[in-house]
Amino acid sequence: MTLIEYRDTHYTVDPYSIDAAMKWRVKLMRKAGRRIPWKVLINERGMIGSITTHYCEYADQERYKVAALMCGPLRCELELIEPQLLALGDQALILRGYERLVNDEGPFTVLQEWRCEPT
C-alpha cells in the first residue's frame, strides 16, 4: 500500500498508516552539501518521524524516487531525492541522495546524507 502519492503539486497521505509506521531519528550529515564534523553530528538531537518513499514525475522528466521524513500525519519535514542505502548497521542506517535548496538565483540540488536511528 502506498502511503504517499505525488499528484501535480500536492501530497495525498493516508493518515491512519503513518501512526503505525516505525519512527526514526534522522540527523542530517551535510549542510549545503558539505560534511558536518562527527563531533557536531553525534550531539545533535535530529528530527523524529517516519520515513516513507514515493515517486515523483513532472511533465517532461522521468519518474524519480523521493524519501520523505514525515513528522506528523500531513507534514513532510525533509525530502531526499533518489535515495540510496549507503550503510546498514545494528544501530543506524545511512541514506544518501540529493536535497533541493533555493537561493537568490533559484533552486539547485546538493548531496545529502541522513543518519537514521530507530527510536
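Up top you'll find the structure we're talking about.
Residues numbered from 1 in each chain as written. Predicted model: local features only at pLDDT ≥ 70, side-chain atom pairs only at ≥ 80, totals over all residues. Heavy atoms only, no water.

S.K.: Lay out the environment of Lys27 in plain terms, naming residues and giving numbers.
M.R.: Within the secondary structure, Lys27 sits in strand S3 (residues 24–28). When the C-alpha positions of Lys27 and Leu41 are compared, they lie 7.2 Å apart, and in sequence the two are 14 residues distant. Of note is the side chain of Lys27, whose polar atom sits 3.3 Å from the backbone oxygen of Glu44. (Helix = DSSP H or I, 4+ residues; strand = E, 2+ residues; numbered from the N terminus. Polar contact = N/O pair within 3.5 Å; in protein donor to acceptor, adjacent residues only side chain to side chain.)

S.K.: Please give an account of the packing of aromatic side chains that cites residues and values.
M.R.: Under the definition given, this model contains 0 aromatic pairs. Its guanidinium or amino end placed over the ring of Tyr55, Arg63 lies 4.4 Å from that ring's centre, counting from NZ or CZ. (Phe/Tyr/Trp six-rings, centres within 6.5 Å; stacked < 30°, edge-to-face > 60°. Lys NZ or Arg CZ within 6 Å of the ring centre and 35° of its normal.)

S.K.: Account for the pattern of salt bridges, naming residues and giving values.
M.R.: Applying the stated criterion to the full structure yields 5 salt bridges. Between Glu117 and Lys27 there is a salt bridge, with the nearest N and O atoms lying 3.9 Å from each other. One end of the pair, Glu117, is in strand S10 (residues 106–118); the other, Lys27, is in strand S3, and 90 residues separate them in sequence. You'll find Glu117 and Lys27 in the same group, each marked buried. Two residues, Arg96 and Glu113, come together in a salt bridge whose shortest N-O distance is 2.7 Å. Remark: Glu113 occurs in strand S10 and Arg96 occurs in strand S9 (residues 93–103); sequence separation between them is 17 residues. Here the salt bridges share partners, and the residues they tie into one network are Arg30, Arg35, Arg96 and Glu113. (Salt bridge = Lys/Arg side-chain N within 4 Å of Asp/Glu carboxyl O. Buried < 20%, exposed > 50% of the residue type's maximum accessible area, 1.4 Å probe, protein only.)

S.K.: Tell me about the side chain of Gln112, and please be specific about residues and values.
M.R.: Topologically, Gln112 is positioned in strand S10. The class for Gln112 is buried, based on a relative accessible area of 1%. For Gln112, the side chain forms a polar contact with the side chain of Glu99, separated by 2.8 Å. Setting aside residues no more than four positions away along its own chain, Gln112 makes contact with Leu28, Met29, Arg30, Leu80, Leu95, Arg96, Gly97, Tyr98 and Glu99. (Contact = heavy atoms within 4.5 Å.)

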